[in-house]
Amino acid sequence: MVITVCVGSSCHLKGSYDIIKRLEKLIKENNLEDQVELKASFCLGHCTEGVSTTVDGGIVNSLTIDSVEEFFKEKILGRLTT
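Below, the structure is looked at part by part. (Residues numbered from 1 in each chain as written. Predicted model: local features only at pLDDT ≥ 70, side-chain atom pairs only at ≥ 80, totals over all residues. Heavy atoms only, no water.)

**Section: the overall build of the chain**
Thinking step 1. Of the regular secondary structure elements, the chain holds three helices and four strands.
Thinking step 2. Starting at the N terminus, the α and β elements of the chain follow one another as β-α-α-β-β-β-α.
Thinking step 3. Here the chain has a C-alpha radius of gyration of 12 Å; the compact-globule value for 82 residues is 12 Å, and the two agree.
Thinking step 4. Along the first, second and third principal axes, the C-alpha atoms of the chain reach 30 × 20 × 20 Å.
Thinking step 5. Looking at the chain residue by residue over its 82 residues, the buried ones come to 35%.
Thinking step 6. Total accessible area computed for the chain in this model is approximately 4,800 Å², and 50% of it derives from carbon and sulfur atoms.
Thinking step 7. If you average the places of the 9 positive and of the 12 negative side-chain charges in the chain, the two averages end up 1 Å apart. (Helix = DSSP H or I, 4+ residues; strand = E, 2+ residues; numbered from the N terminus. Rg over C-alpha atoms; globule rule 2.2 N^0.38 Å. Buried < 20%, exposed > 50% of the residue type's maximum accessible area, 1.4 Å probe, protein only. Areas by Shrake-Rupley, 256 points an atom, 1.4 Å probe, with all protein chains shown as cover. Lys, Arg positive; Asp, Glu negative; His and termini not counted. Charge placed at Lys NZ, Arg CZ, Asp CG, Glu CD.)

**Some words on the nonpolar core**
Thinking step 1. Ile 3, Leu 23, Phe 71, Phe 72 and Ile 76 are the most contacted members of the largest nonpolar core, which has 19 residues in total.
Thinking step 2. Listing elements by their share of this core, those giving two or more residues are strand E1 (2-6), helix H2 (16-29) and helix H3 (68-80). (Core = buried A, V, L, I, M, F, W, Y, C linked by side-chain atoms within 4.5 Å.)

**Some details on the environment of Cys 43**
Thinking step 1. Relative to the assigned elements, Cys 43 resides in the loop between strand E2 (37-41) and strand E3 (53-55).
Thinking step 2. Measuring from C-alpha to C-alpha, the distance between Cys 43 and Lys 28 comes to 26 Å, with 15 residues separating the pair along the chain.

The following block contains the structure:
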């Protein structure tokens, strides 16, 4: 599974760096380093809806530091455990 987080100007200002750090921690805490690859991208084309993220190419917009854990449970753990 590949998670890509936008780090372009708009998403950076909306906290993409903090989201990446939290995702890194969640991946490690759940021992998913061999199953989940975390990448950064300079623009995913949804600047007004950031922080933009993709999971295996499917776009997820409006991710915030407050919604990272729910996103991780639903979109990452939910897919890996089914």
